[in-house]
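Residue-level structural notes
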Amino acid sequence: MPSVPLSWYLIVAALLFSIGAYGALSRRNAIGILMGIELMLNAVNINLVAFWRYVEVEGLAGQMFAIIAITVAAAEAAVALALILAIYRTRDTVNVEEIDLLKW
Amino acid sequence: MTAEQFVFVVAALITLGSAVGMVTSRSVFVGALWMIAVFGGVAALFILVGAGFLGIVQILIYIGAIAVLILFAIMLTPRVMGDPNAPRYNRQWPLVAVMTTGLAAVLTVLVLRTDWPLAQEGTPVITGFAVELGKGFMTTYILPFEVASVLLLVALIGAIVIAREE
């Protein structure tokens, strides 16, 4: 076993997740929200890899899951930034408080 | 404190400090630069925990692709950068700060109070991840692999269609 306890990794991941959630929920800029979400995905990956190393070390599932999560994060970033660019082109803003077309 | 613990504390402080810098920076562009430091810190944590291949993948995809993509998007939406005095947070940010601090506290207490089913001492650790992961993707995990390929293709086409000039 490594000399760093499992709980250290989990606490760092929990703090990173909370900071990312704060960024995603409080930013007015749509790109800032996206960056917060990327932070939360990274925190989840830390948890997956830490659990792989300390609990399921003879298998590969933890690392596989982390790689799939990174893939999904890349796809999500590409689509989200395309949406932000499309909204910027038509509405001339990326402030989420002004993007209220679907609000009634 | 052992060397491993020292490296862990340094990497964790870089990660969390940069994350705080990211969400509090006034300019989104500076926030994106902080975000690159967060990704680097997370890659260091991956390598420290023993998943070296994932650390390299993290640097390649997050720093090399996603961070550059986000910097591009910030550059392509110039009206945001042009107004440095606009408030960076929405009206609900104090409530969000209280909620996320509470979430962090609850998660920390839960992590410390849970009895994790740790692996046996001396369980052999797989080495040569690139080979093992490649074999895994072609055998046991072939369905998730194919689904991820289709997802990437769909996301690529979707991004082009959405962002295209009419």
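Residues numbered from 1 in each chain as written. Chains lettered and ligands numbered in written order. Predicted model: local features only at pLDDT ≥ 70, side-chain atom pairs only at ≥ 80, totals over all residues. Heavy atoms only, no water.

Concerning unusual backbone geometry
Negative phi characterises most residues that are not glycine, and trans characterises most peptide bonds. Residue and element names in this part refer to chain A. Operational definition: Numbering of helices and strands starts at the N terminus; helices are DSSP runs of H or I of at least 4 residues and strands are runs of E of at least 2. Buried means the residue's accessible area, taken with a 1.4 Å probe over protein chains only, is under 20% of the maximum for its type, while exposed means over 50%, and partly exposed covers the values in between.
Phi angles above zero are rare outside glycine, and D92 is one such case at about 60°. Assignment of secondary structure puts D92 in the segment after α3 (61-91). Of the residues examined, D92 reaches a relative accessible area of 39% and is grouped as partly exposed.

Overview of the interface of chain B and chain A
Applied cut-off: We call two residues in contact whenever any of their non-hydrogen atoms come within 4.5 Å of each other. As used here, buried area is the combined drop in accessible area, with a 1.4 Å probe, of two parts when they are placed together. The term salt bridge refers to a pairing of a side-chain nitrogen on Lys or Arg with a carboxyl oxygen on Asp or Glu at a separation within 4 Å. Polar contact is defined as a pair of N or O atoms within 3.5 Å, subject to the rule that within protein one atom must be able to donate a hydrogen and the other to accept it, and that residues adjacent in sequence are counted only when both atoms are side-chain atoms. Under this grouping Gly is polar, as are all residues other than the nonpolar Ala, Val, Leu, Ile, Met, Phe, Trp, Tyr, Cys and Pro and the charged Asp, Glu, Lys and Arg.
Between chain B and chain A, the contact holds 87 residues from the first and 73 residues from the second. Summing the contributions of chain B and of chain A, the shared interface buries around 7200 Å²; its carbon and sulfur component is 76%. The interface formed by chain B and chain A contains zero salt bridges. The interface formed by chain B and chain A contains ten residue pairs in polar contact (both at pLDDT 80 or more). Every element with two or more residues in the side of chain B that touches chain A is listed here: α1 (3-24), α2 (28-49), α3 (52-76), α4 (78-82), α5 (93-113), α6 (129-138) and α7 (142-163) of chain B. Class assignment for the residues of the side of chain B that touches chain A results in 62 nonpolar, 16 polar and nine charged.

Focus: the domain arrangement of chain B
Rule in force here: For the purposes of this description, domain bounds are those given by an automatic or database domain assignment.
Segmenting chain B into domains produces domain 1 (1-84) and domain 2 (132-166). Computed from C-alpha coordinates alone, the two centres of domain 1 of chain B and domain 2 of chain B are separated by 24 Å.

Here's the deal with the side chain of B:N90
Tracing the chain through its elements places B:N90 in the loop between α4 and α5. In contact with B:N90, other than residues within four places in its own chain, are A:L25, A:S26, A:R27, A:R28 and A:E97.

Concerning a nonpolar patch on the surface
Quick reminder of the rule: Like charges within 9 Å and nonpolar side chains (Val, Leu, Ile, Met, Phe, Trp, Tyr) within 5 Å are joined into patches, using only residues over 30% in relative accessible area that form no salt bridge. Areas reported here follow the Shrake-Rupley algorithm with a probe of radius 1.4 Å; residue values treat only the protein chains shown as occluding.
There is a patch of nonpolar side chains on the surface, built from B:M1, B:F6, B:V7, B:V10 and B:I14 and spanning about 510 Å² of accessible area. Residue position: B:M1 is located in the segment before α1.

Notes on the packing of α3(A) against α6(B)
For clarity, the cut-off: Note on definitions: angles span 0 to 180 degrees between N-to-C directions of axes, and those axes are lines fitted to C-alpha atoms, for helices only across the stretch in contact. Orientation categories follow fixed angle ranges, with anything under 35 degrees roughly parallel, anything over 145 roughly antiparallel, 65 to 115 roughly perpendicular, and all other angles oblique.
Between α3(A) and α6(B), the shortest axis-to-axis distance is 11 Å and the interhelical angle comes to 80°. In terms of their interaxial angle, α3(A) and α6(B) are classed as roughly perpendicular. Across from A:Q63, A:M64, A:I67 and A:I68 in α3(A), the residues of α6(B) making contact are B:F129, B:L133, B:G136 and B:F137. By residue class, the composition of the contact of α3(A) with α6(B) is six nonpolar, two polar and no charged.

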